[in-house]
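Residue-level listing of the chains:
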Amino acid sequence: MLQEVRRPAELAPGHIWVGENPQNGLAVVPGAGYEVALGPVASTAPWSIVPLRVSRPLKLHLLMVWTRQEHQYIQGLDVALSKYARFLKAAPSVVVGDFNGNAIWDNPRRPTDFSRVASRLKDQFGLVSAYHARSGEAFGSESQATYYFWRRRTRPFHLDYCFVPARWAEDLVKVSILDAPPWDALSDHRPLVVDFALTDRSR
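Quick summary incoming for the structure in this document. Position numbers for residues start from 1 in each chain and track the written sequence from start to end. Predicted model: local features are reported for residues with pLDDT of at least 70 only, side-chain atom pairs are reported and counted for 80 or more only, and whole-chain, interface and lining totals are derived from all residues. As a rule here, side-chain values come from all non-hydrogen atoms in the structure, and water together with hydrogens is ignored.

The next point concerns helix α1 (residues 74-83). The cut-offs for exposure are 20% and 50% of the maximum accessible area for each residue type, with area from a 1.4 Å probe on protein chains only; residues under the lower value are buried, those over the upper are exposed, and the others partly exposed. Each helix is a run of H or I in the DSSP string that is no shorter than four residues. Each strand is a run of E no shorter than two, and both are numbered from the N terminus. Within the span of α1, buried status applies to Ile 74, Gly 76, Leu 77, Ala 80 and Leu 81. All buried residues of α1 project into a common sector of 145 degrees when viewed along the axis, lining one side. Note that the arc is computed from the directions linking the helix axis to the C-beta atoms.

So, in structure tokens, the structure goes:
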């Protein structure tokens, strides 16, 4: 799942690109043996939060997230969760991407905030953050950054998440943030990689 990427001149077979501006969209680059297709897109949901169906090697639903200022960031994700609630409940689901949010900015006077959305993901959809399940850290107290403001090491934040079914937490093998070359030269964000050894219990 990639955010803020150009549309390639030619899409490779099985790859997906979505966006309103060919210079700045979202992409899916599946590994070998994976089949991914667009799900039912809701016209009233933020365009940068995209439903996807994985059909091989296992069946699951994905919601690829890139919250944007035009949708009030985390509020846009809250809207998308309502629009895609039936989709997320129809199969084991993963909500993953750039949330542009963290509990350190929670504000109870706003319509919603990061912690309320994280609680909704757990209470309504049974999803937990893979990084936090693996590390035991609390939201807002992350020891590893996924983003550096203006690429400055002195301005680290944790903004990227992968929410997975709670029952998958037992099958987490590793959660990595790739904060080293070449990744640090490619983006102000860092890749978040979640490895599972899924069993029949997880499906």
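Resuming the write-up.
Turning our attention to helix α3 (residues 114-125). What a helix should span is 1.5 Å times the count of its residues minus one. Taking 1.5 Å of rise per residue, 12 residues should cover 16 Å, and α3 covers 16 Å from first to last C-alpha, within 8% of that figure. Residue contacts follow a heavy-atom distance rule, with two residues in contact if any of their heavy atoms lie within 4.5 Å. Residues of α3 that are buried in the fold lie against α1, α2 (85-89), β7 (93-98), β8 (127-129) and β11 (160-165). Downstream of α3 by one or two residues, Gly 126 has phi in the positive range, about 70 degrees.

Criterion used throughout: strands pair if DSSP finds at least two bridges between them. Spatially, 3 strands are ordered β1-β3-β2 in an open sheet, and the strand pairing comes out antiparallel. Each of the sheet's edge strands pairs with one partner strand only, and the pair in question is β1 (2-5) and β2 (16-21). Neighbour to neighbour, the strand axes of the sheet diverge by 20 degrees on average, direction disregarded. Across 4 bridges, β2 lies against strand β3 (residues 24-28) in antiparallel orientation. Counted as the bridge partner of Val 18 is Leu 26 from β3. An axis is simply a line fitted to the C-alpha atoms; with a helix, the fit covers only the stretch in contact. Between two such axes, the angle follows the N-to-C directions and lies from 0 to 180 degrees.

Let's shift gears to the sheet that holds β11. Reading across the sheet, the 6 strands line up as β4-β5-β6-β7-β11-β8 and stay open at both edges, with mixed pairing between neighbours. Bordering the open sheet on either side are β4 (35-38) and β8, each of which pairs with just one other strand. Adjacent strand axes in the sheet meet at a mean angle of 25 degrees, parallel and antiparallel pairs treated alike. With 6 bridges joining them, strand β6 (residues 60-66) and β7 adopt parallel strand pairing. Pairing of Leu 63 across the sheet is with Val 95, part of β7. The sheet strands contacting α3 are β7, β8 and β11, and the helix crosses β8 at an angle near 135 degrees.

Within the secondary structure, Tyr 73 is located in the loop between β6 and α1. Exposure remark for Tyr 73: the relative accessible area of 35% places this residue in the partly exposed category. The sequence separation of Tyr 73 and Asp 113 amounts to 40 residues, and the corresponding C-alpha distance is 9.3 Å. Non-local contacts of Tyr 73, meaning those with residues more than four positions away in its chain, are made with Thr 67, Arg 68 and Asn 100.

Let us look at the packing of aromatic side chains. Geometry of aromatic contacts follows a simple scheme: Phe, Tyr and Trp rings, the Trp one being its six-membered ring, pair when their centres are within 6.5 Å, and the pair is stacked under 30 degrees between planes, edge-to-face over 60, tilted otherwise. Per the counting criterion, the structure on display carries 10 aromatic pairs. Measuring from centroid to centroid gives 6.3 Å for Phe 139 and Phe 163, while their planes differ by 20 degrees, and the two rings are stacked. Placement of the pair is Phe 139 in the loop between α4 (130-135) and β9 (147-148) and Phe 163 in strand β11, with a sequence separation of 24 residues. The residue whose ring lies beneath Arg 68 is Trp 66, and the NZ or CZ to ring-centre distance is 4.6 Å. Its guanidinium or amino end placed over the ring of Tyr 148, Arg 153 lies 4.3 Å from that ring's centre, counting from NZ or CZ. The rule for a charge over a ring is simple: NZ of Lys or CZ of Arg within 6 Å of the ring centre, and within 35 degrees of the ring normal.

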